[in-house]
Amino acid sequence: HVITFNDVLEAKQNIINESYITPVMTSTIINKISQYDVHFKCELFQRTGSFKFRGMFNLATNHRRDFIDRPVVIASSGNAGQSLALACKLHKIPCHVVMPETATPTKREAVLGYGALVTNCTDSEKGRTDAANAVVEESNGAIRLVSPSQTPDVIAGAGTITLELIDQIANLQAIIVPVGGGGMIAGIALAAKHLNPKIKIIGAEPAEADDCYQSKLNNRRTPLNKTPITVADALRTSIGENTWPIIRDCVDDVVIVGEEEIKIATKLIWHTMKLMIEPSSGVGVAALLSNQLKTMLPIGSSVSVILCGGNVNLDKLDWLTQTNVDIQSLIGTIASNDGGF
């Protein structure tokens with residue numbers, strides 16, 4: 001594995017004065033309809049609005065001197081770009097961010113506001129990679145490329161979420177984590193299995209971007225062969241070479257959920273908990289409410305769901321009108337259906 005538990009402990013010390021210890025929140029309604037003792041880890045309240053700040057600040061702290069002489073570029077749909085931009089600003093070092101033309105305006109504005117230089121790219125994994133590599137080539141190697149999910153310092157930073165959860169929740173039995181590139185679940189899983197091997201780590205993926213599920217099924221990394229179309233825009237990338245070995249060894253199961261389930265779950269959290277999560281966070285909630293979970297985790301278990309971010313594009317909520325579901329009716333329906341979609 002590219003990191004050890006000691007790397008997570010070091011990351012905690014690196015970020016302790018700049019990152020937030022995010023709250024854990026509960027909902028009687030969600031407990032009732034899911035039939036689990038649910039604890040939501042609210043990473044939407046982290047700096048920059050997502051968990052990504054942990055890893056990016058850890059990265060910038062560990063390599064500050066190197067980055068002054070040789071600045072970094074990252075390809076990101078927004079959350080990682082925002083976080084690296086702020087981390088670099090705090091360390092007074094330059095930063096370049098490659099973003100899809102379709103990126104949420106609030107994310108783009110935040111990246112620019114933190115002083116980063118922004119380069120546009122097409123909305124595909126290949127488009128992001130090609131554009132980022134072009135920035136490096138045009139600089140004749142003066143700029144270095146970092147991955148938003150595969151960089152060891154970033155993975156270790158995500159692992160600090162587990163350290164907080166262990167202190168915040170007694171008798172934690174499972175953690176549900178949305179999966180994109182796999183940096184978050186890899187860090188969380190490695191730390192959790194070190195501290196308590198009995199804690200189950202369950203990934204949550206859109207069915208349209210189910211490479212982690214397929215990789216576990218095939219016992220080999222199975223990247224997406226096309227750009228997925230999903231409302232969970234932060235989860236459109238495949239798990240990578242550095243995150244896959246940790247996922248293979250430390251993640252117990254993966255739940256896949258449909259687009260309608262993601263939309264309903266996101267809207268459910270808005271309605272019941274008044275938390276403005278982004279749909280990528282809704283993927284974890286959808287997994288919690290999925291009948292698949294009942295085959296993996298006993299009813300009544302103490303489970304944490306990572307609400308990974310809250311950077312919502314308020315000007316582009318057309319998917320809400322595509323989900324003609326009355327939440328109050330839905331709550332009754334799920335509850336009467338033994339807590340599952």
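Residues numbered from 1 in each chain as written. Predicted model: local features only at pLDDT ≥ 70, side-chain atom pairs only at ≥ 80, totals over all residues. Heavy atoms only, no water.

A. Layout of the pairing of strand β4 (residues 95–100). Counting buried positions over the six residues of β4 gives six, a clear majority of the element. The parallel pair strand β3 (residues 72–75) and β4 is bridged by helix α5 (residues 79–91), and the resulting crossover is right-handed. Where β4 and strand β5 (residues 117–121) come together, five bridges link them in parallel fashion. Its bridge partner lying in β5, V98 is registered against T119. Traced from β4 through helix α6 (residues 105–113) to β5, the parallel crossover comes out right-handed. (Buried < 20%, exposed > 50% of the residue type's maximum accessible area, 1.4 Å probe, protein only. Helix = DSSP H or I, 4+ residues; strand = E, 2+ residues; numbered from the N terminus. Right-handed = clockwise from strand over helix to strand, strands pointing away. Pairing = 2+ DSSP bridges.)

B. Examining the sheet that holds β3 more closely. Across the sheet, which stays open at both edges, the four strands sit in the order β5-β4-β3-β6 with parallel pairing between neighbours. Lying at the two open borders of the sheet, with one neighbouring strand each, are β5 and β6 (144–146). For this sheet, the mean angle separating the axes of adjacent strands, direction not counted, is 25 degrees. In the sheet, β3 pairs with β6 via three bridges, with the strands oriented parallel. Paired with V72 across the two strands is R144, which belongs to β6. Across the sheet, α6 lies against β4 and β5, angled at about 165 degrees from β4, the strand it touches most. (Axes fitted to C-alpha atoms, helices over the stretch in contact; angles between N-to-C directions. Contact = heavy atoms within 4.5 Å.)

C. A look at the packing of helix α12 (residues 259–273) against helix α13 (residues 279–288). At a minimum axis separation of 7 Å, α12 and α13 run at an interaxial angle of 95 degrees. The angle between α12 and α13 falls in the class roughly perpendicular. Counted together, E261, I262, A265, T266 and I269 of α12 and P279, G282, V283, V285 and A286 of α13 form the full contact between these two elements. Partitioning the contact of α12 with α13 into residue classes produces seven nonpolar, two polar and one charged. (Parallel < 35°, antiparallel > 145°, perpendicular 65-115°, else oblique. Nonpolar A, V, L, I, M, F, W, Y, C, P; charged D, E, K, R; others polar.)

D. Up close: the packing of helix α3 (residues 52–62) against helix α8 (residues 152–168). Contact pair α3 / α8: the axes reach a minimum separation of 7 Å and the direction vectors enclose 130 degrees. By the angle between their directions, the pair α3 and α8 is classed as oblique. Between α3 and α8 the crossing geometry is right-handed. Contacts between α3 and α8 involve R54, G55, M56, N58, L59 and N62 from the former and D153, V154, A156, G157, T160, I161 and E164 from the latter. Classifying every residue of the contact of α3 with α8 gives five nonpolar, five polar and three charged. (Left-handed = near helix turned anticlockwise from the far one by under 90°.)

E. Representation of the side chain of S76. For S76, the position within the fold is in the loop between β3 and α5. Looking at S76, its side chain comes within polar contact range of the main-chain nitrogen of G78, at 2.8 Å. When neighbours within four sequence positions are excluded, S76 is seen to be in contact with G81, V98, M99 and P100. (Polar contact = N/O pair within 3.5 Å; in protein donor to acceptor, adjacent residues only side chain to side chain.)

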